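Structure at a glance
So the chains spell out like this:
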Amino acid sequence: MDIILNFTIIFFSLVLHEVSHGHAAKMLGDNTAEKYGRLSLNPLKHIDMMGTIIVPFLMIMIAKITNSKPIVFGWAKPVPVNPYNLKNPKRDMAIVALFGPLANFMLALLITVVIRLSAVLGISASVVNILIMIVYLNILWMVFNLVPIPPLDGSKILFYFLKNEQIERTLTQFGFVLLMVIILYGFGPIQYITGWITKMLIG
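Keep in mind it's a predicted model, so treat the numbers as computed, not measured. (Residues numbered from 1 in each chain as written. Predicted model: local features only at pLDDT ≥ 70, side-chain atom pairs only at ≥ 80, totals over all residues. Heavy atoms only, no water.)

**Let's talk about the confidence of the model for the protein chain**
Mean pLDDT over the protein chain stands at 89; residues scoring 70 or higher make up 96%. The weakest mean pLDDT in the protein chain belongs to helix H3 (residues 49-65) at 77; the strongest belongs to helix H4 (residues 89-116) at 96. (pLDDT = per-residue confidence, 0-100. Helix = DSSP H or I, 4+ residues; strand = E, 2+ residues; numbered from the N terminus.)

**Structural notes on the pattern of salt bridges**
Where charged atoms of side chains with opposite charge meet at close range, the side chains can pair. As enumerated under the stated definition, the model contains three salt bridges in all. The salt bridge involving Lys90 is made with Glu168; its shortest N-O contact spans 2.7 Å. Of this pair, Lys90 sits in helix H4 while Glu168 sits in helix H8 (residues 165-185), and the two are 78 residues apart along the sequence. (Salt bridge = Lys/Arg side-chain N within 4 Å of Asp/Glu carboxyl O.)

**Let's talk about the packing of H4 against helix H7 (residues 153-162)**
At a minimum axis distance of 8 Å, the contact between H4 and H7 shows a crossing angle of 145 degrees. Judged by the twist between their axes, the crossing of H4 over H7 is left-handed. Note on element contacts: H7 touches H4 through Asp153, Lys156, Ile157, Phe159 and Tyr160, opposite Lys90, Arg91, Met93, Ala94, Ala97, Leu98 and Pro101. (Axes fitted to C-alpha atoms, helices over the stretch in contact; angles between N-to-C directions. Left-handed = near helix turned anticlockwise from the far one by under 90°. Contact = heavy atoms within 4.5 Å.)

**Structural notes on the environment of Ile60**
Residue position: Ile60 is located in helix H3. The buried category is assigned to Ile60, whose relative accessible area is 4%. In this structure the C-alpha to C-alpha distance between Ile60 and Asn6, which are 54 residues apart in sequence, comes to 8.0 Å. (Buried < 20%, exposed > 50% of the residue type's maximum accessible area, 1.4 Å probe, protein only.)

**As for a nonpolar patch on the surface**
A surface patch of nonpolar side chains, about 650 Å² in accessible area, is lined by Met49, Met50, Ile54, Phe57, Leu58, Ile62 and Trp75. Among the secondary structure elements, Ile62 is positioned in helix H3. With a relative accessible area of 51%, Ile62 lands in the exposed category. (Patch = residues over 30% accessible without salt bridge, like charges linked within 9 Å, V, L, I, M, F, W, Y side chains within 5 Å. Areas by Shrake-Rupley, 256 points an atom, 1.4 Å probe, with all protein chains shown as cover.)

**Quick notes on the layout of surface pockets**
The probe, sized like a water molecule, is rolled over the atoms to show the empty space still left. The space that makes up the largest pocket amounts to roughly 590 Å³. Along the walls of the largest pocket sit 25 residues, with Glu18, Trp75, Pro78, Pro151 and Leu152 positioned nearest its centre. Residue assignment for the lining of the largest pocket shows that the elements contributing at least two residues are helix H1 (2-27), H4, helix H6 (125-145), H7 and H8. If you tally residues by element for the lining of the largest pocket, the top one is H1, at four residues. (1 Å grid on protein atoms, 1.4 Å probe; cavity = no way out; pocket = protein on both sides within 12 Å on 5 of 7 lines; lining within 4 Å. Points joined across faces, edges and corners; volume = space filled by probe spheres on them.)

**Regarding unusual backbone geometry**
For residues other than glycine, phi is negative in most cases, and the peptide bonds are mostly trans. Residues Pro150 and Pro151 are joined by a peptide bond in cis, for which omega reads 5 degrees. In the Ramachandran plot, Lys163 falls in the positive-phi region, its phi being about 55 degrees despite a non-glycine side chain. Mapped onto the secondary structure, Lys163 falls in the loop between H7 and H8.

**Some remarks on the nonpolar core**
In this structure, Ile115, Val135, Ile139, Phe144 and Ile190 are the most contacted members of the largest nonpolar core, which totals 33 residues. Mapped by element, the contributors of at least two residues to this core are H1, H3, H4, H6, H8 and helix H9 (187-202). Of the residues forming this core, the biggest block, twelve residues, is contributed by H6. Excluding its chain neighbours within four sequence positions, the residues that come into contact with Ile115 are Val128, Leu131, Ile132, Val135 and Ile202. Residues Ala25, Leu28, Leu86 and Val96 belong to the second largest nonpolar core, which totals six residues. (Core = buried A, V, L, I, M, F, W, Y, C linked by side-chain atoms within 4.5 Å.)

**Points about the side chain of Thr198**
Topologically, Thr198 is positioned in helix H9. A polar contact of 2.8 Å, which involves the side chain of Thr198, links it to the backbone oxygen of Thr194. Among residues more than four places away in sequence, those in contact with Thr198 are Val135, Tyr136, Ile139 and Gly203. (Polar contact = N/O pair within 3.5 Å; in protein donor to acceptor, adjacent residues only side chain to side chain.)

**With respect to the packing of aromatic side chains**
Inspection of every chain in the model, using the stated rule, returns four aromatic pairs. Between the aromatic rings of Tyr160 and Phe161, the centroid separation amounts to 5.0 Å while the plane-to-plane angle is 70 degrees, which identifies the pairing as edge-to-face. Its relative accessible area of 24% is what places Tyr160 among the partly exposed residues. What links up through ring pairs into an aromatic cluster is the set Trp141, Phe144 and Phe187. Cation over ring: Lys163 sits above Tyr160, and NZ or CZ is 4.2 Å from the ring centre. (Phe/Tyr/Trp six-rings, centres within 6.5 Å; stacked < 30°, edge-to-face > 60°. Lys NZ or Arg CZ within 6 Å of the ring centre and 35° of its normal.)

As C-alpha coordinates, then:
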(Lines give C-alpha, C1' and ligand atoms only; values in the text may rest on other atoms or scores of the structure.)
Protein backbone atom coordinates (compact mmCIF):
# COMPACT_ATOMS: atom_id res chain seq x y z
CA MET A 1 0.00 0.00 0.00
CA ASP A 2 2.91 2.34 0.74
CA ILE A 3 4.31 1.72 -2.73
CA ILE A 4 0.93 2.37 -4.38
CA LEU A 5 0.44 5.55 -2.33
CA ASN A 6 3.91 6.93 -3.13
CA PHE A 7 3.49 6.07 -6.78
CA THR A 8 0.10 7.82 -6.98
CA ILE A 9 1.37 10.98 -5.27
CA ILE A 10 4.42 11.16 -7.54
CA PHE A 11 2.29 10.61 -10.63
CA PHE A 12 -0.19 13.41 -9.95
CA SER A 13 2.56 15.76 -8.78
CA LEU A 14 4.29 15.27 -12.12
CA VAL A 15 1.06 16.02 -13.98
CA LEU A 16 0.49 19.23 -12.00
CA HIS A 17 4.11 20.23 -12.66
CA GLU A 18 3.85 19.82 -16.44
CA VAL A 19 0.40 21.43 -16.77
CA SER A 20 1.75 24.48 -14.93
CA HIS A 21 4.53 24.81 -17.50
CA GLY A 22 1.91 24.79 -20.24
CA HIS A 23 -0.30 27.41 -18.59
CA ALA A 24 2.71 29.68 -18.01
CA ALA A 25 3.70 29.38 -21.67
CA LYS A 26 0.15 30.22 -22.78
CA MET A 27 0.11 33.24 -20.48
CA LEU A 28 3.32 34.43 -22.15
CA GLY A 29 2.05 33.99 -25.70
CA ASP A 30 2.71 30.36 -26.69
CA ASN A 31 -0.36 28.13 -27.01
CA THR A 32 1.48 25.04 -28.31
CA ALA A 33 0.61 23.01 -25.22
CA GLU A 34 -3.05 23.97 -25.54
CA LYS A 35 -3.14 22.91 -29.21
CA TYR A 36 -1.81 19.49 -28.24
CA GLY A 37 -4.32 19.12 -25.42
CA ARG A 38 -1.63 19.26 -22.72
CA LEU A 39 -3.31 21.80 -20.43
CA SER A 40 -5.63 19.09 -19.16
CA LEU A 41 -5.22 17.50 -15.73
CA ASN A 42 -6.21 14.21 -17.30
CA PRO A 43 -3.19 12.08 -16.33
CA LEU A 44 -3.44 9.90 -19.45
CA LYS A 45 -2.36 12.85 -21.59
CA HIS A 46 0.91 13.22 -19.65
CA ILE A 47 2.10 9.63 -19.27
CA ASP A 48 5.64 8.85 -20.33
CA MET A 49 5.90 5.08 -20.00
CA MET A 50 9.52 5.13 -18.89
CA GLY A 51 9.60 8.28 -16.75
CA THR A 52 6.11 8.23 -15.24
CA ILE A 53 5.66 4.54 -14.57
CA ILE A 54 8.71 2.29 -14.90
CA VAL A 55 11.45 4.45 -13.30
CA PRO A 56 9.50 5.66 -10.20
CA PHE A 57 8.11 2.17 -9.58
CA LEU A 58 11.55 0.55 -9.83
CA MET A 59 13.13 3.12 -7.51
CA ILE A 60 10.42 2.63 -4.90
CA MET A 61 10.76 -1.16 -5.17
CA ILE A 62 14.56 -1.00 -4.85
CA ALA A 63 14.21 1.16 -1.73
CA LYS A 64 11.76 -1.34 -0.24
CA ILE A 65 13.99 -4.32 -1.03
CA THR A 66 17.14 -2.65 0.35
CA ASN A 67 15.21 -1.17 3.31
CA SER A 68 16.47 2.32 2.45
CA LYS A 69 14.85 5.69 1.88
CA PRO A 70 13.40 5.89 -1.62
CA ILE A 71 15.07 8.27 -4.08
CA VAL A 72 12.02 9.52 -5.92
CA PHE A 73 12.84 10.22 -9.54
CA GLY A 74 10.75 10.29 -12.67
CA TRP A 75 9.20 12.54 -15.25
CA ALA A 76 6.00 13.09 -17.18
CA LYS A 77 5.84 13.66 -20.92
CA PRO A 78 7.32 17.18 -21.31
CA VAL A 79 4.82 19.86 -22.27
CA PRO A 80 5.73 21.30 -25.70
CA VAL A 81 6.81 24.94 -25.63
CA ASN A 82 7.84 26.93 -28.70
CA PRO A 83 10.22 29.70 -27.56
CA TYR A 84 9.77 31.54 -30.88
CA ASN A 85 6.20 32.36 -29.85
CA LEU A 86 7.46 34.12 -26.72
CA LYS A 87 8.20 37.85 -26.66
CA ASN A 88 11.45 37.45 -24.75
CA PRO A 89 12.43 33.78 -25.25
CA LYS A 90 15.27 33.60 -22.73
CA ARG A 91 13.41 35.37 -19.94
CA ASP A 92 10.05 33.76 -20.68
CA MET A 93 11.50 30.24 -20.84
CA ALA A 94 12.92 30.86 -17.35
CA ILE A 95 9.46 31.93 -16.16
CA VAL A 96 7.86 28.86 -17.77
CA ALA A 97 10.47 26.67 -16.06
CA LEU A 98 9.82 28.30 -12.67
CA PHE A 99 6.08 27.66 -12.82
CA GLY A 100 6.53 23.88 -12.54
CA PRO A 101 8.35 23.87 -9.16
CA LEU A 102 6.14 26.76 -8.02
CA ALA A 103 3.00 24.67 -8.63
CA ASN A 104 4.42 21.86 -6.50
CA PHE A 105 5.23 24.32 -3.73
CA MET A 106 1.75 25.89 -3.83
CA LEU A 107 0.15 22.44 -3.57
CA ALA A 108 2.42 21.62 -0.61
CA LEU A 109 1.43 24.94 1.00
CA LEU A 110 -2.29 24.24 0.50
CA ILE A 111 -1.99 20.76 2.03
CA THR A 112 0.02 22.26 4.92
CA VAL A 113 -2.95 24.46 5.82
CA VAL A 114 -5.18 21.37 5.93
CA ILE A 115 -2.64 19.56 8.14
CA ARG A 116 -2.43 22.51 10.53
CA LEU A 117 -6.23 22.54 10.81
CA SER A 118 -6.55 18.75 10.99
CA ALA A 119 -7.54 18.71 14.67
CA VAL A 120 -10.27 21.31 14.09
CA LEU A 121 -11.47 19.53 10.95
CA GLY A 122 -11.48 16.15 12.68
CA ILE A 123 -9.08 14.53 10.21
CA SER A 124 -7.72 11.16 11.35
CA ALA A 125 -4.02 10.53 12.00
CA SER A 126 -3.77 8.09 9.09
CA VAL A 127 -5.07 10.71 6.66
CA VAL A 128 -2.71 13.32 8.13
CA ASN A 129 0.21 10.96 7.46
CA ILE A 130 -0.86 10.73 3.82
CA LEU A 131 -1.10 14.52 3.61
CA ILE A 132 2.39 14.85 5.10
CA MET A 133 3.71 12.51 2.41
CA ILE A 134 2.07 14.67 -0.28
CA VAL A 135 3.80 17.74 1.15
CA TYR A 136 7.17 15.97 1.37
CA LEU A 137 7.12 14.55 -2.16
CA ASN A 138 6.00 17.84 -3.73
CA ILE A 139 8.73 19.74 -1.90
CA LEU A 140 11.21 17.08 -3.00
CA TRP A 141 10.11 17.44 -6.62
CA MET A 142 10.38 21.25 -6.35
CA VAL A 143 13.89 21.17 -4.85
CA PHE A 144 15.12 18.56 -7.31
CA ASN A 145 13.83 20.45 -10.34
CA LEU A 146 15.49 23.67 -9.19
CA VAL A 147 18.94 22.05 -9.41
CA PRO A 148 20.59 24.11 -12.20
CA ILE A 149 21.56 21.20 -14.46
CA PRO A 150 19.94 20.51 -17.86
CA PRO A 151 17.31 19.36 -18.52
CA LEU A 152 15.95 20.36 -15.09
CA ASP A 153 13.98 23.61 -14.71
CA GLY A 154 16.71 25.21 -12.64
CA SER A 155 19.05 25.22 -15.65
CA LYS A 156 16.76 27.52 -17.66
CA ILE A 157 16.57 29.92 -14.72
CA LEU A 158 20.37 29.81 -14.34
CA PHE A 159 20.98 30.41 -18.06
CA TYR A 160 18.78 33.52 -18.02
CA PHE A 161 20.83 35.14 -15.26
CA LEU A 162 24.19 33.71 -16.29
CA LYS A 163 24.18 34.91 -19.91
CA ASN A 164 27.26 32.84 -20.76
CA GLU A 165 26.89 30.79 -23.93
CA GLN A 166 30.00 28.67 -23.31
CA ILE A 167 28.92 27.53 -19.84
CA GLU A 168 25.41 26.91 -21.16
CA ARG A 169 26.71 24.70 -23.99
CA THR A 170 29.01 22.77 -21.63
CA LEU A 171 26.29 22.15 -19.04
CA THR A 172 23.84 21.13 -21.75
CA GLN A 173 26.39 18.73 -23.27
CA PHE A 174 27.22 17.00 -19.98
CA GLY A 175 23.93 17.66 -18.18
CA PHE A 176 22.62 14.11 -18.29
CA VAL A 177 25.87 12.67 -16.89
CA LEU A 178 25.93 15.26 -14.08
CA LEU A 179 22.29 14.53 -13.33
CA MET A 180 22.93 10.80 -13.00
CA VAL A 181 25.86 11.47 -10.65
CA ILE A 182 23.63 13.63 -8.44
CA ILE A 183 20.82 11.06 -8.41
CA LEU A 184 23.14 8.17 -7.58
CA TYR A 185 25.66 9.82 -5.25
CA GLY A 186 24.56 13.35 -4.35
CA PHE A 187 20.88 13.06 -3.45
CA GLY A 188 21.54 13.48 0.27
CA PRO A 189 21.64 17.31 0.26
CA ILE A 190 18.43 17.43 -1.79
CA GLN A 191 16.68 15.17 0.72
CA TYR A 192 18.09 17.22 3.61
CA ILE A 193 16.77 20.50 2.15
CA THR A 194 13.44 18.81 1.41
CA GLY A 195 13.16 17.55 4.99
CA TRP A 196 14.05 20.96 6.41
CA ILE A 197 11.44 22.79 4.31
CA THR A 198 8.81 20.17 5.12
CA LYS A 199 9.47 20.51 8.87
CA MET A 200 9.31 24.31 8.58
CA LEU A 201 5.91 24.03 6.89
CA ILE A 202 4.15 21.38 8.98
CA GLY A 203 5.97 21.83 12.28
